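Secondary and tertiary structure notes
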Amino acid sequence: MKFRLAALLGLVLLASPVQAERLKFDHRLSPALKAALDANNPALIDFNDSNPRYVTDLIAVQGKSAKDWTEALLIVARAPDKKVRTVADWVAELQDEGQRRCPSTFRTLAGDGGSATFERVSTGCQAGYPNVALYRIVAGTRSLFLLGFLSKGEPSQATRQQWAAVLASAAIE
């Protein structure tokens with residue numbers, strides 16, 4: 001079991017379009033995330049590497065599957081391109097997308113030159129679009145990484161604090 005979890009984390013959590021840089025974070029800081037990963041249920045994970053310059057991984061934390069969830073972890077590894085070269089560019093892209101989908105407010109939680117952590121709260125969204133998201137974007141030397149907590153409902157304060165800790169633990173390896 002420990003080997004399978006380590007292998008899963010190696011594939012899921014450390015994916016990178018250039019394989020030179022890796023995002024690491026402490027999944028144990030969220031009991032719900034740890035339980036989802038410990039379940040060793042492939043239905044909870046949607047890994048998409050069809051575009052090696054934009055690799056995504058969605059892990060259902062609460063819900064039946066990666067297609068039917070109420071809370072999820074989103075991991076994205078992308079190579080910078082003409083449109084998004086920096087952390088600030090990606091933050092702006094996510095804010096534009098959030099506003100296009102439904103009325104959204106954004107609050108910066110933390111940031112420095114190499115990372116940004118922020119919250120999006122949206123209202124009046126179409127079914128399926130998460131009302132609340134906490135994002136952390138981290139820049140590596142040649143890659144950008146996003147770690148995001150998505151919730152289709154209103155997460156409790158304790159849940160928000162756990163996810164804030166998971167996001168704060170994210171670093172490039």
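Residues numbered from 1 in each chain as written. Predicted model: local features only at pLDDT ≥ 70, side-chain atom pairs only at ≥ 80, totals over all residues. Heavy atoms only, no water.

1. Describing the environment of A139
Tracing the sequence through the fold places A139 in strand 7 (residues 132-139). Leave out the neighbours within four places in its chain, and A139 touches V87, G114, L144 and I172. (Helix = DSSP H or I, 4+ residues; strand = E, 2+ residues; numbered from the N terminus. Contact = heavy atoms within 4.5 Å.)

2. Concerning the sheet that holds strand 6 (residues 115-122)
Spatial strand order, 2-3-4-8-7-6-5: seven strands in an open sheet with antiparallel pairing. Since the sheet does not close on itself, it has two edges, and those belong to strand 2 (45-48) and strand 5 (104-112), each with one partner. Between one strand axis and the next, the sheet turns through 15° on average, direction left out of account. Strand direction decides the pairing type here: strand 2 and strand 3 (residues 54-63), joined by four bridges, are antiparallel. (Pairing = 2+ DSSP bridges. Axes fitted to C-alpha atoms, helices over the stretch in contact; angles between N-to-C directions.)

3. Details of the pattern of salt bridges
Tallied over the full model, the rule gives ten salt bridges. In this structure, K83 engages E93 in a salt bridge whose closest nitrogen and oxygen atoms are separated by 3.5 Å. Of the two residues, K83 is situated in the loop between strand 4 (69-78) and helix 3 (87-101) and E93 in helix 3; the sequence distance between them amounts to ten residues. On the accessibility criterion, K83 (63% relative accessible area) is exposed. (Salt bridge = Lys/Arg side-chain N within 4 Å of Asp/Glu carboxyl O. Buried < 20%, exposed > 50% of the residue type's maximum accessible area, 1.4 Å probe, protein only.)

4. Overview of the packing of aromatic side chains
Under the counting rule described, the total for this entry stands at three aromatic pairs. Relative to F118, the ring of F106 lies with its centre 6.4 Å away and its plane at 50°, an arrangement referred to as tilted. Here the residue F106 occupies a position in strand 5, and F118 occupies one in strand 6, the gap between them amounting to twelve residues. In this structure F118 comes out as buried when scored by relative accessible area, which is 2%. With centroids separated by 5.2 Å and ring planes inclined at 40°, the aromatic side chains of F118 and Y135 adopt a geometry described as tilted. On the criterion of sequence distance, the pair formed by F118 in strand 6 and Y135 in strand 7 is long-range, its members being 17 residues apart. With relative accessibility at 7%, the residue Y135 sits in the buried group. Connected via pairs of aromatic rings, a cluster forms that spans F106, F118 and Y135. One Lys or Arg, R78, reaches over the ring of W90 and ends 4.7 Å from the middle of that ring. Positioned above the aromatic ring of W69, the side-chain terminus of K152 is 4.1 Å from the ring centre. (Phe/Tyr/Trp six-rings, centres within 6.5 Å; stacked < 30°, edge-to-face > 60°. Lys NZ or Arg CZ within 6 Å of the ring centre and 35° of its normal.)

5. Considerations on the environment of R160
Of note, R160 is situated in helix 4 (residues 157-168). Sequence separation between R160 and F149 is eleven residues; the distance between their C-alpha atoms is 8.9 Å. When residues no more than four places from it in sequence are discounted, the contact partners of R160 are E119, V132, L134, E154 and P155. Of the polar contacts made by the side chain of R160, one reaches the side chain of E154; its length is 2.6 Å. (Polar contact = N/O pair within 3.5 Å; in protein donor to acceptor, adjacent residues only side chain to side chain.)

6. Brief notes about the side chain of S30
Relative to the elements of secondary structure, S30 occurs in the loop between strand 1 (23-24) and helix 2 (31-38). Under the relative-accessibility criterion, S30 is labelled buried at 0%. What S30 contacts, discounting residues up to four positions off in sequence, is Q162, W163 and V166.

7. Points about the state of the cysteines
Two cysteines, two sulfur atoms, one covalent bond between them: this is a disulfide. What the rule picks out here adds up to one disulfide. In this model, C102 is linked to C125 through a disulfide, with the two sulfur atoms separated by 2.0 Å. Judged by the sign of its S-S torsion, about 65°, the bond between C102 and C125 is right-handed. In this pair, C102 sits in the loop between helix 3 and strand 5 while C125 sits in the loop between strand 6 and strand 7, placing the two residues 23 residues apart along the sequence. (Disulfide = S-S within 2.5 Å.)

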